[in-house]
Amino acid sequence: MLVGLMGSGKSAVARRLAASMDAALLDTDKMVEDAAGRTVREIFAEDGEEAFRAAEEEALRSALGGGSRAVIAAAGGVVTREPNRALINGARRDGAAWVVWLRTDPEALVERVSRGGHRPLLDDDPRATLVRLHDERSPLYAEVADTIIDTAGISVEEVARAVSAAYSAADAGGSGTNG
Ligand code: S3P
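Residues numbered from 1 in each chain as written. Predicted model: local features only at pLDDT ≥ 70, side-chain atom pairs only at ≥ 80, totals over all residues. Heavy atoms only, no water.

A. Fine view of helix α5 (residues 82-93). Counted at 1.5 Å a residue, the expected span for α5 with its 12 residues is 16 Å, and the 16 Å between its end C-alpha atoms agrees. Those residues of α5 lying buried are Asn84, Arg85, Ile88, Asn89, Gly90 and Ala91. At its buried positions, α5 is contacted by α4 (49-64) and α7 (126-144). (Helix = DSSP H or I, 4+ residues; strand = E, 2+ residues; numbered from the N terminus. Expected span 1.5 Å × (residues − 1). Buried < 20%, exposed > 50% of the residue type's maximum accessible area, 1.4 Å probe, protein only. Contact = heavy atoms within 4.5 Å.)

B. Region of interest: the site of the ligand. As a matter of local geometry, the ligand sits amid 13 residues, with Asp29, Arg53, His118, Arg119 and Arg137 nearest to it. Within the side chain of aspartate 29, one N or O atom sits 2.6 Å away from an oxygen atom of the ligand. For the ligand, an oxygen atom lies 2.7 Å from a polar atom in the side chain of arginine 53. (Near = heavy atom within 4 Å. Polar contact = N/O pair within 3.5 Å; in protein donor to acceptor, adjacent residues only side chain to side chain.)

C. Main features of the side chain of arginine 119. The residue arginine 119 is located in the loop between α6 (106-112) and α7 in this model. No salt bridge is formed by the buried arginine 119, whose closest oppositely charged neighbour, aspartate 29, lies at an N-O distance of 6.4 Å. Side-chain polar atoms of arginine 119 contact the side chain of histidine 118, separated by 3.5 Å. If we ignore the near neighbours within four places in the chain, the residues touching arginine 119 are Met6, Gly7, Arg41, Val113 and Ser114. (Lys, Arg positive; Asp, Glu negative; His and termini not counted. Salt bridge = Lys/Arg side-chain N within 4 Å of Asp/Glu carboxyl O.)

D. Here's a closer look at the packing of aromatic side chains. The final tally for this structure, using the stated rule, is 3 aromatic pairs. For the ring pair tryptophan 101 and tyrosine 141, a centre distance of 5.7 Å and an interplane angle of 35° mean the geometry is tilted. Taken as a pair, tryptophan 101 in strand β4 (residues 100-103) and tyrosine 141 in helix α7 lie far apart in primary sequence, 40 residues in all. Overall, the relative accessible area of 6% leaves tryptophan 101 in the buried class. One Lys or Arg, arginine 103, reaches over the ring of tryptophan 101 and ends 5.2 Å from the middle of that ring. (Phe/Tyr/Trp six-rings, centres within 6.5 Å; stacked < 30°, edge-to-face > 60°. Lys NZ or Arg CZ within 6 Å of the ring centre and 35° of its normal.)

Okay, structure coming up:
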């Protein structure tokens, strides 16, 4: 499972990893959208962030409970709910998930993030928001991560390779199904 802030490269890296590992690709934003039949932006606008977070928790639960080998791109805010962190840490303890925090300094994220689209939180002042979220969430990502990969200045391909190497080194390959 990949965690980290918006723009840290989770989706792109997860796509590569899933292809190279011949595993399913699960993206919690996409799971929320598929279940709701609406976009992340529409859910935020029509029902509010709390409703989105509730749907996100369901998506995470389903991703972790899937039982098949999968690479999960967990949306940036997944770690904000304590039950989600407990769920992830439970799966890690059971050997069912192995978690990488793709850590990126907020300035690099500002360069990378696409505005609009599925990121309503960045509509107003992306730089200030990313700096704040980095401060608030870094301890939460650390709480669920088995390993940390600093992604500043390296390509998606290189990040994917670093994740694979860390995964092999952790000998997590045979121990679990999801994540
Ligand atoms: C969010 C991250 C987004 C999306 C929503 C909220 C967040 O996903 O779920 O806009 O709170 O960090 P990505 O991390 O995939 O961009």
